[in-house]
Amino acid sequence: MHSVASKQRYRISFAHFTGSKDTRNTANMPVDLNGYWKMISNDNFEEYLKALDVNVAIRKIATLLKPDKDISHDGDHVVIKTLSTFKNYNMDFHVGKEFEEDLSGVDDRKCMKGEKEGRGWTHWVEGDELHLELRACGVVCKQVFKKT
């Protein structure tokens, strides 16, 4: 199960597990993430996947991809579709409520509470760029997407 919380005025932070503390101030209204976003950079992604114990074959394929994100954001309801030529992945959740991440379409796992120390992610928007910071076991991956 994941705990989802809004962070700062221009951030949505998803802190999944015990031990992933985010000390930034919270705000009442998350940023509007609506839109179609194309990846322009993906730093340290393979190390992040290793921290999640993703098998080497899927890691190698995933690092070659430049997935797009199609995000629908209505109040506290968020749907994030990650689209690529290899596999698509959907997340549907409400900000502030726990949810289970089903990775069966990616690598046949279900994300369980406490599975990986410090696992979580934060989205924020700067201009026409969507930033995504992914964290697990002390590893940080930074991705940037451009709004189309």
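Rules used in this analysis
- Residues numbered from 1 in each chain as written.
- Predicted model: local features only at pLDDT ≥ 70, side-chain atom pairs only at ≥ 80, totals over all residues.
- Heavy atoms only, no water.
- Helix = DSSP H or I, 4+ residues; strand = E, 2+ residues; numbered from the N terminus.
- Buried < 20%, exposed > 50% of the residue type's maximum accessible area, 1.4 Å probe, protein only.
- Contact = heavy atoms within 4.5 Å.
- Core = buried A, V, L, I, M, F, W, Y, C linked by side-chain atoms within 4.5 Å.
- pLDDT = per-residue confidence, 0-100.
- Phe/Tyr/Trp six-rings, centres within 6.5 Å; stacked < 30°, edge-to-face > 60°.

### With respect to the overall build of the chain
Within the chain one finds 2 helices and 11 strands. In the chain, the order of α-helices and β-strands from amino to carboxyl end is β-β-β-α-α-β-β-β-β-β-β-β-β. Buried residues in the chain amount to 45% of all 148 residues. For the chain, the proportion of contacts with a sequence separation of at least 24, taken over those separated by at least 6, is 50%.

### Regarding the nonpolar core
F45, Y48, I71, L130 and L134 are the most contacted members of the largest nonpolar core, which totals 29 residues. Elements represented by at least two residues in this core include exactly β3 (35-43), α1 (45-51), α2 (56-64), β5 (77-83), β6 (89-94), β9 (120-126), β10 (129-136) and β11 (139-147). Other than its neighbours up to four places away in sequence, L134 contacts F45, Y48, G120, W121, V139, V140, C141 and Q143.

### So, the confidence of the model for the chain
In this model, the chain carries a mean pLDDT of 77, and residues with pLDDT of at least 70 account for 70%. Note on residues 1-11: pLDDT under 50 across the span, and 63 contacts to partners over four residues away in sequence or across chains.

### So, the packing of aromatic side chains
Enumeration according to the criterion identifies 1 aromatic pair in this entry. Judged by centre distance (6.5 Å) and plane angle (20°), the ring pair of F45 and Y48 falls under stacked. Pair noted here: F45 and Y48 are both in helix α1, with a separation of 3 residues, about one helical turn. The class of Y48 is buried, set by a relative accessible area of 4%.

### Section: the environment of I71
Note on placement: I71 falls in strand β4 (residues 68-74). Judged by its relative accessible area of 2%, I71 falls in the buried class.

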